Amino acid sequence: MSSPGMREASSPLQLCRVMLPDDANIMGTVHGGIILKMIEEAGSIVGTRHCNTQNGDRCLAALVRVEKTEFLSPVFIGEVVHVSAVITYTSKHSLEVQVKVIAENILTGAKKLANKAALWYVPCSLQNVDKITEVPPIKYASAEQEEEGRKRYEAQKVERLETKARVEEAIPPPPNPEDAPKERYTVGFSQSSLIHLVGPSDCTLDDFVYGGVTMKLMDEVAGIVAARHCNTNIVTASVDAINFHRKIKKGCVVTVTGRLTFVSNRSMEIEVLVDADPLVEKEKGKYRAVSAFFTFISLDKENKPLNVPPLKIEGEEEQRRFEEGKARYLQSKAKRLAEKERQQ
Amino acid sequence: MSSPGMREASSPLQLCRVMLPDDANIMGTVHGGIILKMIEEAGSIVGTRHCNTQNGDRCLAALVRVEKTEFLSPVFIGEVVHVSAVITYTSKHSLEVQVKVIAENILTGAKKLANKAALWYVPCSLQNVDKITEVPPIKYASAEQEEEGRKRYEAQKVERLETKARVEEAIPPPPNPEDAPKERYTVGFSQSSLIHLVGPSDCTLDDFVYGGVTMKLMDEVAGIVAARHCNTNIVTASVDAINFHRKIKKGCVVTVTGRLTFVSNRSMEIEVLVDADPLVEKEKGKYRAVSAFFTFISLDKENKPLNVPPLKIEGEEEQRRFEEGKARYLQSKAKRLAEKERQQ
Amino acid sequence: MSSPGMREASSPLQLCRVMLPDDANIMGTVHGGIILKMIEEAGSIVGTRHCNTQNGDRCLAALVRVEKTEFLSPVFIGEVVHVSAVITYTSKHSLEVQVKVIAENILTGAKKLANKAALWYVPCSLQNVDKITEVPPIKYASAEQEEEGRKRYEAQKVERLETKARVEEAIPPPPNPEDAPKERYTVGFSQSSLIHLVGPSDCTLDDFVYGGVTMKLMDEVAGIVAARHCNTNIVTASVDAINFHRKIKKGCVVTVTGRLTFVSNRSMEIEVLVDADPLVEKEKGKYRAVSAFFTFISLDKENKPLNVPPLKIEGEEEQRRFEEGKARYLQSKAKRLAEKERQQ
């Protein structure tokens, strides 16, 4: 990851923090959601800073997309997590931030790469929240670098439009895990929902929820689904690309629901849906704000992967989602193999 | 409330904290659950301190019951909340703590009584969590004072036994608010559930959840139910006696469900059920840990009470719960009137 | 502040965070305690990292002293606070960390120096908490730089010994602010106490409280005292050197008491005392862990300083403390003037 430079405003940003007991599960492994929240905090600072280097409306960088991201090594209580973020591409109305997460054991000096992520932001005017302002261009190290950025920009634009259409379909609400005692290892058995009342510290200066806060809630519910399915120590392995189609305002109640879609020998894919309900401004109605797929793995006491119990599928709908999940699983496996070969 | 004195350990305890934005709803009114959590923190400190003034096993005071409590005045962001707790009765294996909550506006100097509560604790040995140790006796100001304490002790003992039987009935799980779009003002429309993964800071030194943490979650879900029903600014008016029958261990997933049981012109009664699911120690199974009735009122912008929309009852079960709620409402109204007359 | 370099471990550390509503008072000004906590987090990371660059016991850097520190400009919600820490001196068993705090408004690009501080740490073995390990030496840019460090080291050593003697006097417990309505502007009127039960996330890996957590609580109580005295928006102006004589363990109840000692036209000096009470390990007894003097100023809506009401002194003890506070005030005023002249 190289810094494109040009103006001080687009210089890299570093943030770090010691991991505390509250950041981790009972085995001492830090939740993926804590890392995602730190990644997004870094991205939103570097993005907002950059977009305000020109004259015109003051604006805040709002997260619109996170590319697929993998958790490369587990992080533990007492380690220091360093997040570095740099702007790597700008279009007229959006910018890409690349983020690297290093976990450092300050007792042994050992460092490991914990995560790499790419986030897309758009600048929203503080005067008029529906107005998207222009992004000042960055200077690239080479024409090639700019061209690669443009390709990533075009690719994510297409995908965002596609999922936008999909999200706006009326997706049927998930069944309730509590209606009746469900059979073990079914989708219904482990399905879970949480609700969260959006408070002041969840929000940016213009009173919309930070993308990182939403991702932390999503990871939390996905982790509960995974633990309910296999009753072991589970950790976030990866998160598919997430698109943030609609913002969530302070005072909303957010319902976050997770359900298993696919299970391989060693991994579980969980679909997470986020619905926002503006309690007081009732005329706005409830809406789907975000959805994403989280992949979890199960670990033993030495942090070695364990087998995952197979998923019992009930009905056509679950079968369809299972097949789609399997396709995503095989595709990402093929991609990993191809990359490995390329590196050899 | 006078301090019974005798030994340093049973001297009153004072704690205070400034109310922050995250403690309050978007109107700036502090959540009842924040106050309940502070009350229980004070009770658990004064109780644990007292029970360790004798030789023998070191122990922690575990909350077993909170008597019915009323929120006498709303508290706002920026105010300082003072909680004072004193032990007012001891039996061989339990003790009563009385707590007073004063909210102080430090800019004007104005003080108001926000809450008064009585809590019962039992000491659990740190060496053996299932062993209940003995409580050192306190000295009473008068024989009369001791006698009144004994009466309170006997009364709550009977009630705890009664509800224990009731809780252990198989209460049918609440229907899912998401199954299908519900008609407005029905019970199903506003019913809400949250789940919470119990973390280190939720727990005492022996890794069981503080009673105050549970009450905060209960108030949170009840508040969401109330806001969904009336779409206005709502506040906790009172909480019926709560019995904590079974403890909840670190690493459990707690599901907290709230549903409207009764609505009067000016108030809503919400039943809140807390189920604990020990994710990893699966053999223990899911269990009902606590249940309670919260009463909320709806306020306008000047904090004056508003009318509440009537509740649309569906089915016999809801009708039965409505009648029971109405009985509780009328009983507590009669009690308030009687007290008012007595004071005149 | 220059980096002494030599080994990677003593390279500077940067941490940053966006200021959220809960970090600030109702006027939007960030609490001094939030800044102090960030400063100490940076110091403890850089110190622990350095002390583990040699073979031997793994150890944690424990805060023993913070030199007098001034808050040079107020920080507001939404600003990004950058903290950079670097090791500037090492003795055989202690090290000095210098810290600089910059607040950045990411909307306007404006940056201001918010604070500069110097902290002293000693490395405590993780195997044996009472063993102090050796500190690897750093390399200095010049002999002069090393000599200046040695002078700072000797000076603080003398002062730490002096205050150690003082702290161990039996200071009588503060009277209860609620006992009786006190006359306005007296010491008793504004005196305040808070208690905090030490939880897991307040602690380092060896279960002792972070110095930064203690300083945050001290600033909180001092802020309440100041607001009670002048009923306006108040902010931390400076903190006198703080010595951390005794560590505080997880599970303790910490009582933090603040009382006015001296008031000038434009400032209030508040003495803050921290007592730790190991609830369960009763044989250890309650003890004074830390004490310090905080200076606050009162601001109007444009953040301009306001006059402070004079303090009504009652009794010889208060008079003595007032005179001592006045001496500190005059001394620090003289020092500021001397520095100003030197810079011209």
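Reading guide: rules and limits
Residues numbered from 1 in each chain as written. Chains lettered and ligands numbered in written order. Predicted model: local features only at pLDDT ≥ 70, side-chain atom pairs only at ≥ 80, totals over all residues. Heavy atoms only, no water. UniProt positions renumbered as here; feature names shortened; annotations may be inferred. Helix = DSSP H or I, 4+ residues; strand = E, 2+ residues; numbered from the N terminus. Polar contact = N/O pair within 3.5 Å; in protein donor to acceptor, adjacent residues only side chain to side chain. Contact = heavy atoms within 4.5 Å. Least-squares fit on C-alpha atoms with pLDDT ≥ 70 in both. Buried area = accessible area lost by both parts, 1.4 Å probe. Salt bridge = Lys/Arg side-chain N within 4 Å of Asp/Glu carboxyl O. Expected span 1.5 Å × (residues − 1). Buried < 20%, exposed > 50% of the residue type's maximum accessible area, 1.4 Å probe, protein only. Axes fitted to C-alpha atoms, helices over the stretch in contact; angles between N-to-C directions. Parallel < 35°, antiparallel > 145°, perpendicular 65-115°, else oblique. Nonpolar A, V, L, I, M, F, W, Y, C, P; charged D, E, K, R; others polar. Domains from an automatic or database assignment.

**Side note on the UniProt feature "active site" (unreviewed entry) in chain A**
Residues and elements named next belong to chain A. UniProt records the feature "active site" (unreviewed entry) for Asn25 and Asp219 in the present numbering. The annotated residues occupy 195 residues of the chain but converge on a single region, no pair of C-alpha atoms lying more than 12.3 Å apart. Within the element layout of this structure, Asn25 appears in the loop between strand S1 (13–18) and helix H1 (32–51). In this structure the side chain of Asn25 is engaged in a polar contact, spanning 2.9 Å, whose partner is the backbone nitrogen of Met27. Here Asp219 is in contact with His31, Gly32, Gly33, Thr236, Phe294 and Phe296, once residues within four sequence places are set aside.

**Thoughts on the relation of the copies chain C and chain B**
When chain C is fitted to chain B, the best match, at an RMSD of 0.2 Å, comes from turning it 120 degrees and sliding it 0.1 Å along the axis. Within this description, the copies of the chain are treated as partners about a three-fold rotation axis.

**Here we look at the interface of chain C and chain B**
If you look at the interface, chain C gives 25 residues, while chain B gives 32 residues. Buried area between chain C and chain B, summed over both chains or domains, comes out near 2,600 Å², and the portion from carbon and sulfur atoms is 62%. Summed over the shared surface of chain C and chain B, the number is two salt bridges. The residue Arg49(B) makes a salt bridge to Asp277(C) at a minimum N-O spacing of 3.4 Å. For the pair chain C and chain B, the interface holds seven residue pairs in polar contact (both at pLDDT 80 or more).

**Remarks on H1(A)**
Helical geometry: 3.6 residues make up each α-helical turn, so side chains three or four residues apart lie on a common side. In this model H1(A) runs 28 Å from its N-terminal to its C-terminal C-alpha over 20 residues, within 8% of the 28 Å that 1.5 Å per residue would give. Within H1(A), 19 of the 20 residues are buried, which leaves the element mostly enclosed by the surrounding structure.

**Let's talk about the packing of H1(A) against helix H4 (residues 211–230) of chain A**
Residues and elements named next belong to chain A. The contact between H1 and H4 brings their axes to 8 Å, and the two run at 170 degrees. In terms of orientation, H1 lies roughly antiparallel with respect to H4. Taken together, the residues of H4 that come into contact with H1 (itself represented by Gly32, Gly33, Ile34, Leu36, Lys37 and Glu40) are Gly211, Gly212, Val213, Met215, Lys216 and Asp219. Split into classes, the residues belonging to the contact of H1 with H4 amount to four nonpolar, four polar and four charged.

**Points about the domain arrangement of chain A**
Residue and element names in this part refer to chain A. Taken domain by domain, chain A consists of domain 1 (13–163) and domain 2 (187–343). Using only C-alpha atoms to locate each centre, domain 1 and domain 2 end up separated by 19 Å. Taken together, the 28 residues of domain 1 in the interface contact 30 residues of domain 2. Carbon and sulfur atoms make up 62% of the surface buried where domain 1 meets domain 2, a total of about 2,400 Å² over both sides. Scanning the region where domain 1 abuts domain 2 turns up nine residue pairs in polar contact (both at pLDDT 80 or more). Here the side of domain 1 that touches domain 2 gets seven residues from one element, more than from any other, and that element is H1. Grouping the amino acids of the side of domain 1 that touches domain 2 by side-chain chemistry returns 12 nonpolar, eight polar and eight charged.

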